[in-house]
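Residue strings, one per chain:
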Amino acid sequence: MKNFILLLFLFSSVKAQELNLYSLINESYSINKGDYSTINNKKLIFIEPKNISFFKTDIKEKYSFEIISLKNEEDFKNFLKCRNDNTFLFDIIIDNIYESSLVVTLKIMSTDYRMYSEGSFPFFIFEDERKVLLKYNSKSKKWIFSKIIEISDEPNI
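In this report, we go over the structure that sits alongside the text. In this text the structure is predicted, and so the values were computed from the model without any measurement.

Digging into the pattern of salt bridges
A complete count under the given rule lists seven salt bridges for this structure. Between R130 and D35 there is a salt bridge, and its shortest N-O distance comes to 3.2 Å. On the criterion of sequence distance, the pair formed by R130 in strand β7 (residues 125-137) and D35 in the loop between α2 (21-30) and β2 (43-47) is long-range, its members being 95 residues apart. Across the salt bridge formed by E48 and K71, the nearest N and O atoms sit 3.2 Å from each other.

Notes on the sheet that holds strand β4 (residues 66-70)
Spatially, the six strands line up as an open sheet ordered β4-β2-β5-β6-β7-β8, and their pairing is mixed. With one partner strand each, in any of the chains shown, β4 and β8 (142-152) form the two edges of the open sheet. Direction aside, the axes of adjacent strands within the sheet are offset by 30 degrees on average. With respect to the sheet, α2 is in contact with β2, β4, β5 (87-98), β6 (101-111), β7 and β8, its orientation differing from that of β7 by roughly 110 degrees.

The rules behind each value
- Residue numbers here run from 1 along each chain, matching the order of that chain's written sequence.
- This being a predicted model, a pLDDT of at least 70 is required before a residue's local features are given, and a value of 80 or more before pairs of side-chain atoms are given or counted; all residues contribute to the totals for chains, interfaces and linings.
- As a rule here, side-chain values come from all non-hydrogen atoms in the structure, and water together with hydrogens is ignored.
- Salt bridge, as used here: a side-chain nitrogen of Lys or Arg that lies within 4 Å of a carboxyl oxygen of Asp or Glu.
- Going along the chain from the N terminus, every DSSP run of H or I of four or more residues is numbered as a helix, and every run of E of two or more is numbered as a strand.
- Any two strands with at least two DSSP-identified bridges between them are counted as paired.
- Every axis corresponds to a line fitted to the C-alpha atoms, with the helix fit spanning only the stretch in contact, and the corresponding angles, defined between N-to-C directions, vary from 0 to 180 degrees.
- Any two residues having at least one pair of non-hydrogen atoms within 4.5 Å are treated as being in contact.

Set out below in structure tokens:
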């Protein structure tokens, strides 16, 4: 909780910071050639977090994947209703905040309407999880991918 409050202060007090999700995902999955198949030709659904607006999904170049940004969980559920196949959900979790750097966990999970809405809780299938280090570029006011810290073969419980 302390990290979340610090994060809100950090990003609400400094204007014009951004983290381009296309660039982050592309660089995080391009280092190892086999990893790129995780995102290649996929539509990744990203539910925008409340009160954090520095995530950007603007496209300035062509990528082999697409990010579909949704406002909330209800929009996600409605999106799932219209799909007949698995939908890939992308999530970013800020783990640690350091001076001019962030450690974030990138998660990709899949689900469909039946798995998500039936039962007592939404069900997701683990696809990929990795921790990456981001560095802040004060000139461009952007968070930039630095390196992969860890790639998980199994979901963390």
